[in-house]
Amino acid sequence: MGGTSSKLPKDLLSEYQELTFLTKQEILLAHKIFSELQGRENGPYGSRVSMEKVLTLPELKSNPFRKRICHVFSTSDMKDGSLSFEDFLDLLSAFSDSATLEIKSHYAFRIFDFDDDGTLDGRDLEKLVNCLTGETDDTRLTAEEMRQLISNILEESDIDKDGTVNLSEFQHVISRSPDFVSSFKIVL
Amino acid sequence: MRRMSVFPQHGRALGNLGLSANEIQQEVENKTSELVSDLVNLSARARFQAIRSLPMAFDERKRMRNRVNSVKHSKTIIPANCRQQVSRSFRRFRAGLASAHRYLTIWHDTLKDIGGRFGTSVLSYFLFLKWLLKFNLFSLIINFCFITIPQIVHAPNISSVTGFRGLELLTGVGHFNQTVLYYGGYNGEVIASKPVYNMQLAYFFTIAAYLVLCGVSLIYSMSRSFQKNFVLETGPVSGGAWRLLCSWDFSVVNEKAIQYNKNNLAVQLKESLSERLQEKDKMSLSDRIKHLSLNILAWLISLGLAVGCSAGIYFLGTDQELAFSFNHNPNDLTAEASTLLLPVVVSLINLIVPLLYSLISKMESYSNPRAKIYIIIVRNIVLKMSILGILCSYWLNIVPEKVSCWESFVGQSVYRLLIFDFIFCLFGIFYGEFLLNVIGTTCIQSLGVPEFDIARNVLDLIYAQTLAWIGIYFSPLLPVIQVLKLFIIFYLKKISLSMNCQPPKHSGRAAQIQTVFIALLFFPSFVGALSMVSFTVWSLKPSDECGPFQGLDTPFHTIFNWTASIQGPPETNWVWWIFENVLRSELFYYLISLIILVITYFLWQITQGRKQLIKILRQQIVNEGKDKAFLLNKMQNLQKQRRESVSYSPQDYDQTPHFNPNWMNTLPLDM
C-alpha cells in the first residue's frame, strides 16, 4: 500500500496538465516523489503529507523559506502546513519555468508576508532580511542598519506612502527586477 | 484581466470593514461571476492560460474551470463539436512537441546541477556556451551538405599530397593543405548533374545565407534581451535593496552554497547601505582630482598595452622570413614549426594582458562596482579586437600579394589561432584555476579559493567565435574545430568549477550583463567578421590557382555572371530587374535609412511621452492614498455613531469589527 506503485490515471493526468503549468513528465515525476513521501506514512492515497515529511525533500531542505512555502501552499483546515498532492502540484507549478510573472510575484508576496495580513510592513521586511542574511553574528545587520535598510526599501517601493508595501506595489517592484523570474524557480 | 489576487483568502480582509458575513459572501460572489464572464469571452488557448494563471488553490481553479465550461456549453451552438475536437487535438500535439523538445535539449541535467550549486550568473556562462555551440553546429551542417559533399563526390583534384605527420594537427598545413578543409580544396566548376549545380554560387550563397541568419538571430536575441532587462527606471532612487532581496536564488539547493549566498547578500546589503550614506558626503576636490588622474593613467596604460601588443604582432607577422618561409619550402619541418610562433604569441598576449588589466584596475577606485566590471570588459574587448583587426588588415592587404593561394593561407592561420587558443584555454584551466586553488588553500591562505570570473571567460568565448566567423569563408569546415572545442571546454569548465572555484561574489545584475555580452557578440565581433568577409568578397581579387572563384575579378562577379545568365529568358527577367535597379542603386538605401531614422524619432517621442505619463500616475496614486485615509476616518466615525446608537437593542453581532489599522492596504487599488 502507500501508493508507491500506483499509477496516475490518465484523465487525472490531463486535468493536471490543463490546470497547472507543468508538463506531463514533471507531473509524473512529482507523483512519484509524492508517493514516496506518502509511502513512509502508510496513509491512503489522496491523504496529506505532513510538513516535516515535505521538508525532507532535497529541493526544500535548505531553503530559507521552506516553512513559509509549505504554509502558503497548504489548503489544510488545520493550518499545519501539510500538503495534499494537488497542493504539491500547485507549489511546483508556481515555481516552474513556464509560470507567469504574475503568479510568481503573487506567491512571492504571500511567502514574504510572514504575518499573513496581506501587506508587507516593517516587521515582515525585517524578518525577510534576517531570513536571507544568515544567523551568525557577523553577517546579521545591526539595528541601525536594519532601520536604514527598511526605510530605503519603503522609500523605493511604497508608492502611496502608507508605510507598507501592498501586492500591487510589490508587483511593480518585481517588474523592474529582471532577475526575479529566473531565480524564483524550483525544479525537481 | 481582473485579478482576484488581492484577497489572500477570499474575503477575509473584508471582514475588517465591519461588514456582515452575508455581505462578504455577496461581494465575493460578484467578483467571481465577473471573472467567469471575463474568462468565457476569451479564446480557448487564452482561457487555459488565464485559468492556469489564477492565483488560487487547485480545487478552486477546478471549480472555476467547471463553472466557465458550463457557462460556455450553455452558450455555444451545435457544430462546435468538430471544432472542439480539432482544437483539443492541436493542443495535445503542441504539448507533445514541447515534451519532445525537452528530450532533444542536451545537457539539461548538467545545467540544472550547475544552476543549483552556483547560481544563475554562473549558469549564464554555460548557457552562452551552449548557444554558441548551436551556431557552429548549424554552420557545420549546412557547409557540409551544400559545399563539401558535392565537392567530395565530384572528385576533387588534389595537386600534391604529402603524407600525414603529426604536426598537421597544430599547423593545419601539409596533408590538410589541398583538402576540403580550406578554400583551396574547392573548385568552382559547374557540376553537370540533372539540376545543374553551380559550385561557385553554392559556395557564395551558403556562406552568405549563414552569415545573414546569424546576424538576424543575434539582432533578435539582443533586442529581446534588451527589452526584458533594461526596463524603464523612473521613480524614486532605486537603491537596489529590493533587487537584491528579490533575486534570491530559489533554485540553489546545496546547503553550503545557500550559506555562501546568504553571506554574500549580507555583505552586499551592507555595502549598498554604506554607499548610500557615502553619497551624502561629497568627496573633496583634491580627492576627485586624484581619482580622475588615476583613472586617466590607468586608461593610458591599458590603451598603450593594447597598441604595443598590436604593433608587436604586426611586426612579427610581416617578418618575411618567419611568415613566408614555409610557403617557399613546403617540406621543411622547421619552417612549418616556425609558423606556430605567431599563434603562440597571440594566445600568450590574450592570457597575460587581461591579468595585467585586472591588476591595474585594483589601483583605481570606482564609485560604482558595476562601472568597474564594465570598464574591464571594455578594455579587454579593445585589446582583443585590435589584435584581430591588425591580423585582418595584414591578411587582406599584404598576404594576397605574397602568397599564391592566399585564401588557404588565411584559413590555415585562423586554424592555427583557434587551436592555440584552445590549448592555452586548457593551460588556463589547469594553471589558472587548479594551481590557484591549491595555492589559495594550502600556501597563501589569504588568497582563498579563486572566483569563477564570468566576464573573462565569456570574452574568451566571444574572441574564439569571432575567429570562427572570420574563418568561415576561408575554411568552410572550420566549425568542426569550434564544435569540438566548445564540447570539451564545457565539460572541463564544469569539472574545474566543481573542484576549484567558488561563485562570484557580486552576482547582482546578471541579466543586464547578459545583454551586454550578447551586444558585444553582435557589435565588434559579428559585425567585424562580417565586414571583413564582405570586403574580401567585394573588392579583393581571388587567387588564380586555387579555389572556386578562380579567374574572376572579385568573388562577387559570380552574381553578375549569374544575373546576366538569367537576363535572357523572360520569366526570370524580373529577378535581374530587381537586382540591377533596386539592390544596386544607392537611392534605395538612402530612402530606407531615411525612413528608419524617422520611425526611430517617432518611437523616441512616444517613450518620452510615456515617461511623463508615469510621473503623473504616480502622483495620482499618492493622492488616492490620502483620499482613502480621509474616507477611512469618516467611516470609522460613522460606525462609532452607529454602534452607539444601537447599543441598546439586543442584536447579536457575530462580528465585532476587529479594527486592523492597515485594512485599507488590503483593498485593491482599483476599487
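Residues numbered from 1 in each chain as written. Chains lettered and ligands numbered in written order. Predicted model: local features only at pLDDT ≥ 70, side-chain atom pairs only at ≥ 80, totals over all residues. Heavy atoms only, no water.

Considering the overall build of chain B
How we decide: Numbered from the N terminus, helices here are DSSP runs of H or I no shorter than four residues, and strands are runs of E no shorter than two. Per-residue and other accessible areas follow the Shrake-Rupley method at a 1.4 Å probe size, with only the shown protein chains counted as cover for residues.
Counting its regular elements, chain B contains 23 helices and 2 strands. As presented, chain B carries roughly 36200 Å² of accessible surface, and 64% of it is formed by carbon and sulfur atoms.

Notes on the overall build of chain A
As a reminder, the rule being used: Accessibility here uses a 1.4 Å probe with only protein chains present; expressed as a share of the type maximum, an area under 20% marks a residue as buried, one over 50% as exposed, and anything in between as partly exposed. Contacts were defined at the residue level, with two residues in contact if any of their heavy atoms lie within 4.5 Å.
Scanning chain A from terminus to terminus reveals 11 helices and 0 strands. Its helices and strands taken in sequence order, chain A reads α-α-α-α-α-α-α-α-α-α-α from the N to the C terminus. A principal-axis box enclosing the C-alpha atoms of chain A has dimensions of 55 × 35 × 30 Å. Counting over 188 residues, chain A shows a buried share of 59%. The long-range share in chain A, meaning contacts at least 24 apart out of those at least 6 apart in sequence, stands at 55%.

Focus: the packing of helix 17 (residues 406–443) of chain B against helix 19 (residues 478–500) of chain B
Residues and elements named next belong to chain B. Heads up, the rule is: Angles run from 0 to 180 degrees between N-to-C directions of axes, and those axes are lines fitted to C-alpha atoms, restricted for helices to the stretch in contact. Put simply, angles under 35 degrees are roughly parallel, angles over 145 are roughly antiparallel, angles from 65 to 115 are roughly perpendicular, and the rest are oblique. Residues are grouped as follows: nonpolar covers Ala, Val, Leu, Ile, Met, Phe, Trp, Tyr, Cys and Pro; charged covers Asp, Glu, Lys and Arg; every other residue, Gly included, is treated as polar.
At a minimum axis distance of 11 Å, the contact between helix 17 and helix 19 shows a crossing angle of 5°. Looking at the two axes, helix 17 sits roughly parallel to helix 19. The residues of helix 19 that touch helix 17, namely those facing Val-414, Tyr-415, Leu-418, Ile-419, Asp-421, Phe-422, Cys-425, Leu-426, Ile-429, Glu-433, Phe-434 and Asn-437, are Leu-478, Ile-481, Gln-482, Lys-485, Ile-488, Ile-489, Leu-492, Lys-493, Ser-496, Met-499 and Asn-500. In the contact of helix 17 with helix 19, the residues fall into 15 nonpolar, 4 polar and 4 charged.

Some remarks on the interface of chain B and chain A
The criterion, for reference: Two parts placed together each lose some accessible area under a 1.4 Å probe, and adding up what both lose gives the buried area. We count a salt bridge whenever a side-chain nitrogen from Lys or Arg sits within 4 Å of a carboxyl oxygen from Asp or Glu.
Contact residues are listed per partner, giving 69 residues for chain B and 79 residues for chain A. Of the roughly 6700 Å² buried at the junction of chain B and chain A (both faces included), carbon and sulfur atoms supply 58%. Considering only the side of chain B, the residues that lose the most area to chain A are Phe58(B), Trp242(B) and Phe250(B), jointly responsible for 14% of the buried surface there. Applying the counting rule to chain B against chain A returns 4 salt bridges. Between Lys62(B) and Glu15(A) there is a salt bridge whose closest N-O contact spans 3.4 Å.

Let's talk about the pattern of salt bridges
Taken as a whole and assessed by the stated rule, the structure comprises 15 salt bridges over all chains. Measuring nitrogen to oxygen at the nearest pair gives 3.6 Å for the salt bridge that ties Arg123(A) to Asp121(A). Residue Asp121(A) is classed as buried on the basis of its relative accessible area, which comes to 8%. Where salt bridges share partners, they join Glu15(A), Glu18(A), Lys62(B) and Arg65(B) into one cluster.

Here we look at the environment of Ala57(B)
Among the secondary structure elements, Ala57(B) is positioned in the loop between helix 2 (44–52) and helix 3 (58–75). In this structure, Ala57(B) is in contact with Thr75(A) and Asp90(A), ignoring residues within four places of it in sequence.

A look at a nonpolar patch on the surface
Residues and elements named next belong to chain B. Note the threshold: Put simply, a patch holds well-exposed residues, over 30% relative accessible area, that have no salt bridge, with like charges counted together within 9 Å and Val, Leu, Ile, Met, Phe, Trp or Tyr side chains within 5 Å.
Taken together, the side chains of Phe-427, Phe-430, Tyr-431, Phe-434, Leu-435, Val-438, Ile-439, Ile-495 and Met-499 define a hydrophobic patch exposed on the protein surface, amounting to about 780 Å² of accessible area. Per-element tally for the nonpolar patch: the top contributor is helix 17, with 7 residues. Examined against the element boundaries, Ile-495 turns out to sit in helix 19. Given a relative accessible area of 44%, Ile-495 falls into the partly exposed group.

Here we look at helix 2 of chain B
The condition that has to hold: When we speak of the arc, we mean the arc of directions from the helix axis to the C-beta atoms.
For helix 2 of chain B, every residue scored as buried is listed here: Arg47(B), Phe48(B), Ala50(B) and Ile51(B). Along helix 2 of chain B, the residues classed as buried sweep out an arc of 165° about the axis, all on the same side.

Quick word on the confidence of the model for chain A
All names here are of chain A. Note the threshold: One number per residue, pLDDT, summarises how confident the predictor is, and it ranges from 0 to 100.
Residues at a pLDDT of 70 or more form 93% of chain A, whose mean pLDDT is 83. Of all the helices and strands in chain A, helix 11 (residues 180–183) carries the lowest mean pLDDT, 81, while helix 7 (residues 101–112) carries the highest, 91. This stretch, residues 1–5, has a pLDDT under 50; its non-local contacts, to residues over four places away or in other chains, come to 10 contacts.

Here we look at a positive patch on the surface
Where we set the bar: Positive charges come from Lys and Arg, negative ones from Asp and Glu, while His and the chain ends are left out of the count. Charge positions come from single atoms, namely NZ of Lys, CZ of Arg, CG of Asp or CD of Glu.
A cluster of basic residues, Lys7(A), Lys10(A), Lys24(A), Arg88(B) and Arg92(B), forms a positive patch at the surface. Counting through the fold element by element, Lys24(A) comes out in helix 2 (residues 24–39).

Some details on the state of the cysteines
Here is the rule we go by: Pairs of cysteine sulfur atoms within 2.5 Å are what we label disulfides.
Under the counting rule described, the total for this entry stands at 0 disulfides over all chains. There is no disulfide at Cys309(B), and the cysteine sulfur nearest it, in Cys392(B), is 17 Å away.

Digging into unusual backbone geometry
Residues and elements named next belong to chain A. Even without a glycine there, the phi angle at Asp-116 is positive, about 55°. Looking at the element boundaries, Asp-116 is found in the loop between helix 7 and helix 8 (122–133). Unusually for a residue other than glycine, Lys-161 sits at a positive phi of about 55°. Mapped onto the fold, Lys-161 is located in the loop between helix 9 (143–157) and helix 10 (167–175). Lys-161 sits in the exposed class, given a relative accessible area of 56%.

Points about the confidence of the model for chain B
Residue and element names in this part refer to chain B. Of all residues in chain B, 80% attain a pLDDT of 70 or more, and the chain-wide mean is 79. Counting interchain partners and residues more than four positions distant, the pLDDT-below-50 stretch residues 1–15 has 41 contacts. Between residues 232–237, whose pLDDT stays under 50, and residues either more than four places distant or in other chains, the model counts 17 contacts. Interface predicted TM-score (ipTM) for the complex: 0.86; the corresponding pTM is 0.76.

What to know about the environment of Glu26(A)
Where we set the bar: We call two N or O atoms a polar contact when they sit within 3.5 Å, provided that within protein one can donate a hydrogen and the other can accept it, with sequence-adjacent residues counted only if both atoms are side-chain atoms.
Structurally, Glu26(A) is set in helix 2. A polar side-chain atom of Glu26(A) sits 2.9 Å from the main-chain amide nitrogen of Thr23(A).

Some words on the nonpolar core
Our working definition: The nonpolar core is taken to be a set of buried Ala, Val, Leu, Ile, Met, Phe, Trp, Tyr and Cys residues, with the residues joined through side-chain atoms within 4.5 Å.
Tyr125(B), Phe128(B), Trp395(B), Trp469(B) and Phe517(B) are the most contacted members of the largest nonpolar core, which has 105 residues in total. Among the elements that line this core, the one with the most residues is helix 18 (residues 454–474) of chain B, at 14 residues. Judged by nonpolar contacts, the second largest core, of 80 residues, contains Ile33(A), Tyr107(A), Leu132(A) and Leu244(B).

A closer look at the packing of aromatic side chains
Selection criterion: Aromatic contacts are taken between Phe, Tyr and Trp rings whose centres are within 6.5 Å, Trp giving its six-membered ring; a plane angle under 30 degrees counts as stacked, one over 60 as edge-to-face, and the others as tilted.
Counting across every chain of the model gives 41 aromatic pairs over all chains. Consider the rings of Phe73(A) and Phe95(A), whose centres lie 6.3 Å apart with planes at 50°: the pair is tilted. Of the two residues, Phe73(A) sits in helix 5 (residues 66–73) while Phe95(A) sits in the loop between helix 6 (85–94) and helix 7, which places them 22 residues apart along the sequence. Look at Phe73(A) and you get buried, because its relative accessible area is 4%. For Phe95(A), a relative accessible area of 0% translates into the label buried. Here Tyr601(B) and Trp604(B) contribute two aromatic rings whose centre-to-centre distance is 6.3 Å and whose plane-to-plane angle is 45°, an arrangement assigned as tilted.

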